[in-house]
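Read off the chains here:
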Amino acid sequence: MTLQRIAVLGGGAWGTALALTCARAGRDVTLWEFDAGNAEHLATRRESRFLPGVRLEGNIKVTRALAEASRSDAILLVVPAQAMRSVIKSLAQTMAAGSPLIACAKGIEHGSHKFMTEIIAECAPNATPAILSGPSFAADVARGLPTAVTLAAADGEIAQALAQTIASASFRPYHSTDVRGVEIGGAAKNVLAIAAGIVTGRGLGASASAALTTRGFAELVRFGKAYGAKPETMTGLSGLGDLILTCSSPQSRNFSFGVALGKGEKPDGAAHGKLAEGAFTAPVLLEMAVEKNIEMPISAAVAALLAETLSVDEAIDSLLTRPIKSEE
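Residues numbered from 1 in each chain as written. Predicted model: local features only at pLDDT ≥ 70, side-chain atom pairs only at ≥ 80, totals over all residues. Heavy atoms only, no water.

### A word on the sheet that holds strand E3 (residues 60-63)
A sheet is described by the order of its strands in space; here eight strands give the open sequence E3-E2-E1-E4-E5-E6-E7-E8, paired in mixed fashion. Lying at the two open borders of the sheet, with one neighbouring strand each, are E3 and strand E8 (171-176). In this sheet, adjacent strand axes meet at a mean angle of 25° when their direction is disregarded. Relative to strand E4 (residues 74-77), helix H4 (residues 84-92) is tilted by about 155°, and along the sheet it contacts strand E1 (5-9), E4 and strand E5 (100-103). (Pairing = 2+ DSSP bridges. Helix = DSSP H or I, 4+ residues; strand = E, 2+ residues; numbered from the N terminus. Axes fitted to C-alpha atoms, helices over the stretch in contact; angles between N-to-C directions. Contact = heavy atoms within 4.5 Å.)

Dropping the structure here:
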């Protein structure tokens, strides 16, 4: 499988970072951006306004024409999870049959409870769905710092070919066939990262942070098992690896959002204009957990706090006063 022409849809920080790593891998890259002002900034200044000081490689072409991007050999979808459906519907009108579409958003669609590859299969049935996830910050990837992630597709050979296509000296994608497991890890860890941020913002200490992350991982594993994820995926880069990263660093938007909540800010203002995908995922994750009778008290507390049916202190008390039980 020859995959020389790569399109990246989304000119934000993560999209720009992935465009850069594909360019470093020697690919011809088309970076599509919907916003006219940001597209012009990228094209004329050759620098992302979200990643100051990081220059675009010469083999990255910036465009606002979706049809132009659709003529690539593989397409990375780096748009918010809740916008994925509309972008894929537009893309499907001009893309070639069988083209790999790699979802790079970590979330679950509201209402439908569909994961990103399910939306791809529904809206572009002739495409080949794949998912990219794992412990990675855009700034690190853009600057060429060592990063390892997971790329999954149902067909192992396709997953391997896609991983080799976007791999560079500093960006190492491991390949997998556990599509659902990779998607679950990416979506659930965002919610748990908000909880970890709340613990930090409230000043509850390192011991509480460690306990929260560990028990949060137990929730992630239970959810993954119920929805068909492989155990090794949950303990891998896209599960435990991503959880550790996002539950411990202010570079994580979800963690920073949680810190602001822990300090007393309201959900509407705590994001400070930045996308915290976990805020959208929390209620959906909880609905899906209830459907399969999965116990997820941390995620439930986050969802209640975001809905403002519990205060931060009430959410913390709801966890600390749970019955004493065996660790599982």
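### Thoughts on the packing of helix H14 (residues 277-291) against helix H15 (residues 297-306)
Relative placement of two packed helices is described by the angle separating their axes and the distance separating the axes. Running from amino to carboxyl end, H14 crosses H15 at an angle of 120°, the nearest separation of the two axes being 9 Å. Taken together, the axis directions place H14 and H15 in an arrangement best described as oblique. Handedness of the H14/H15 crossing: left-handed. Together, Gly278, Ala279, Ala282, Pro283, Leu285 and Leu286 of H14 and Ser299, Ala300, Val302, Ala303 and Leu306 of H15 make up the contact between the two elements. Residues of the contact of H14 with H15, tallied by class, amount to nine nonpolar, two polar and no charged. (Parallel < 35°, antiparallel > 145°, perpendicular 65-115°, else oblique. Left-handed = near helix turned anticlockwise from the far one by under 90°. Nonpolar A, V, L, I, M, F, W, Y, C, P; charged D, E, K, R; others polar.)

### Here's the deal with the side chain of Thr63
Assignment of secondary structure puts Thr63 in strand E3. A polar contact is formed between the side chain of Thr63 and the backbone nitrogen of Ala65, at a distance of 3.0 Å. Once residues within four sequence positions are removed from consideration, Thr63 is found in contact with Thr30, Leu31, Trp32, Glu33 and Glu68. (Polar contact = N/O pair within 3.5 Å; in protein donor to acceptor, adjacent residues only side chain to side chain.)

### Considering helix H11 (residues 237-246)
When we look at burial in H11, the residues that qualify are Ser238, Gly239, Gly241, Asp242, Leu243 and Thr246. Against the buried residues of H11 lie strand E6 (128-133), strand E7 (147-153), helix H8 (179-201), helix H9 (206-226), helix H10 (231-234) and helix H12 (253-262). (Buried < 20%, exposed > 50% of the residue type's maximum accessible area, 1.4 Å probe, protein only.)

### Some points on the packing of aromatic side chains
Applying the stated criterion to the full structure yields two aromatic pairs. With centroids separated by 6.5 Å and ring planes inclined at 55°, the aromatic side chains of Trp32 and Phe34 adopt a geometry described as tilted. Residue placement shows Lys292 over the ring face of Tyr227; its charged tip is 5.0 Å from the ring centre. (Phe/Tyr/Trp six-rings, centres within 6.5 Å; stacked < 30°, edge-to-face > 60°. Lys NZ or Arg CZ within 6 Å of the ring centre and 35° of its normal.)

### Focus on the packing of H9 against H15
Remark: H9 packs on H15, axes separated minimally by 8 Å, with the N-to-C direction vectors making an angle of 100°. The angle between the axes of H9 and H15 places the two elements in the roughly perpendicular class. Counting all contacts with H9, which are made through Leu212, Arg215, Gly216, Glu219 and Arg222, the residues of H15 involved are Pro297, Ile298 and Ser299. For the contact of H9 with H15, the per-class residue count stands at three nonpolar, two polar and three charged.

### What to know about the pairing of E8
Sheet analysis places E7 next to E8, joined by six bridges and oriented parallel. Of the residues in E8, the one forming a bridge with Ala152 is Ser176. Handedness of the crossover is the feature at issue here: the chain leaves E7, passes through helix H7 (residues 156-166), returns alongside E8, and the resulting connection is right-handed. (Right-handed = clockwise from strand over helix to strand, strands pointing away.)

### With respect to the side chain of Ser136
Tracing the backbone through its elements, the reader meets Ser136 in the loop between E6 and helix H6 (138-142). Not counting residues within four places of it along the chain, the set of residues in contact with Ser136 comprises Trp14, Lys106, Val141, Thr147, Val149, Asp242 and Leu245.

### A closer look at empty space enclosed by the protein
Following the criterion strictly, the structure yields one cavity of 30 Å³ or more and no others. Here the largest cavity is characterised by a volume of approximately 30 Å³. Lining the largest cavity, in full, are Ala105, Lys106, Gly107, Met116, Ile131, Ser133, Val182, Glu183, Gly186 and Ala187. At four residues, the largest contribution of residues to the lining of the largest cavity is made by H8. (1 Å grid on protein atoms, 1.4 Å probe; cavity = no way out; pocket = protein on both sides within 12 Å on 5 of 7 lines; lining within 4 Å. Points joined across faces, edges and corners; volume = space filled by probe spheres on them.)

### Let's talk about H12
With eight of its 10 residues buried, H12 lies for the most part within the structure. Of all the positions in H12, only Asn254, Phe255, Phe257, Gly258, Val259, Ala260, Leu261 and Gly262 are classed as buried. The elements touched by buried residues of H12 are H8, H11, helix H13 (267-270), H14, H15 and helix H16 (312-320). For H12, the side-chain oxygen to backbone nitrogen distance between the N-cap and Asn254 is 3.3 Å, and the N-cap itself is Ser252. Where H12 terminates, the next one or two residues include Gly264, which has phi positive at roughly 105°.

### A word on the nonpolar core
Counting residues in hydrophobic clusters, the biggest one holds 45 residues, and the most contacted among them are Phe223 and Leu261. Within the residue set of this core, elements represented by two or more residues are H8, H9, H12, H14, H15 and H16. Tallying contributions element by element places H8 first for this core, with 11 residues. Counting residues in hydrophobic clusters, the runner-up holds 38 residues, among them Ala17, Leu31, Leu56 and Ala153. (Core = buried A, V, L, I, M, F, W, Y, C linked by side-chain atoms within 4.5 Å.)

Remember that the coordinates give geometry; whether it matters functionally is a separate question.
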